[in-house]
Amino acid sequence: MTPPEIRQVIIEILERIAPDEDLSNLDDSVPFREQMELDSMDFLDIVMELRKLYRVQIPESDYEHLATMDSTVTYLTPLLKDA
C-alpha cells in the first residue's frame, strides 16, 4: 500500500469508529485526540481494525507512533507495503 492508500484506510476506520466526527478538515500533523473526541477504547478499536483487516500487529509500546495521521502513515507504510 502507498501512503495515500494507508491514509484513506485510516480515514475509513475513523469514520466507522466516530461516525459523528467531521473528518474533512483533519490536520494530519495534529494528534487525533486534539481534533476528535476519541477515548482510549476508540484508539484500541483503530488498532484492532488494522489487525483484523491487514493482520498487522502493533505492540502497545508502539502506540505513541499512532498519535497523528502523519505518524500513523509513516509507521504503517513498511508494515503494509505488501498489503
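Scroll up for the structure.
Residues numbered from 1 in each chain as written. Predicted model: local features only at pLDDT ≥ 70, side-chain atom pairs only at ≥ 80, totals over all residues. Heavy atoms only, no water.

1. As for the packing of aromatic side chains
Applying the stated rule across the entire model yields 1 aromatic pair. Look at Phe-43 and Tyr-63: their rings are 5.2 Å apart centre to centre, the planes differ by 70°, and that puts the pair in the edge-to-face class. Of the two residues, Phe-43 sits in helix α3 (residues 40-54) while Tyr-63 sits in the loop between α3 and α4 (69-79), which places them 20 residues apart along the sequence. (Phe/Tyr/Trp six-rings, centres within 6.5 Å; stacked < 30°, edge-to-face > 60°. Helix = DSSP H or I, 4+ residues; strand = E, 2+ residues; numbered from the N terminus.)

2. Considerations on the pattern of salt bridges
Counted according to the given criterion, the structure contains 4 salt bridges. With its nearest N and O atoms 2.9 Å apart, the salt bridge here joins Arg-16 to Glu-49. Of this pair, Arg-16 sits in helix α1 (residues 3-17) while Glu-49 sits in helix α3, and the two are 33 residues apart along the sequence. Judged by its relative accessible area of 48%, Arg-16 falls in the partly exposed class. Exposure remark for Glu-49: the relative accessible area of 17% places this residue in the buried category. For Lys-52, the salt bridge identified is with Glu-49, shortest N-O distance 3.1 Å. Taken together, the positions of Lys-52 and Glu-49, both in helix α3 and 3 residues apart, correspond to about one turn of that helix. Exposure remark for Lys-52: the relative accessible area of 59% places this residue in the exposed category. A network of salt bridges, in which partner residues are shared, links Arg-16, Glu-49 and Lys-52. (Salt bridge = Lys/Arg side-chain N within 4 Å of Asp/Glu carboxyl O. Buried < 20%, exposed > 50% of the residue type's maximum accessible area, 1.4 Å probe, protein only.)

Interpretation note: all reported values are geometric properties and have no functional meaning in isolation.
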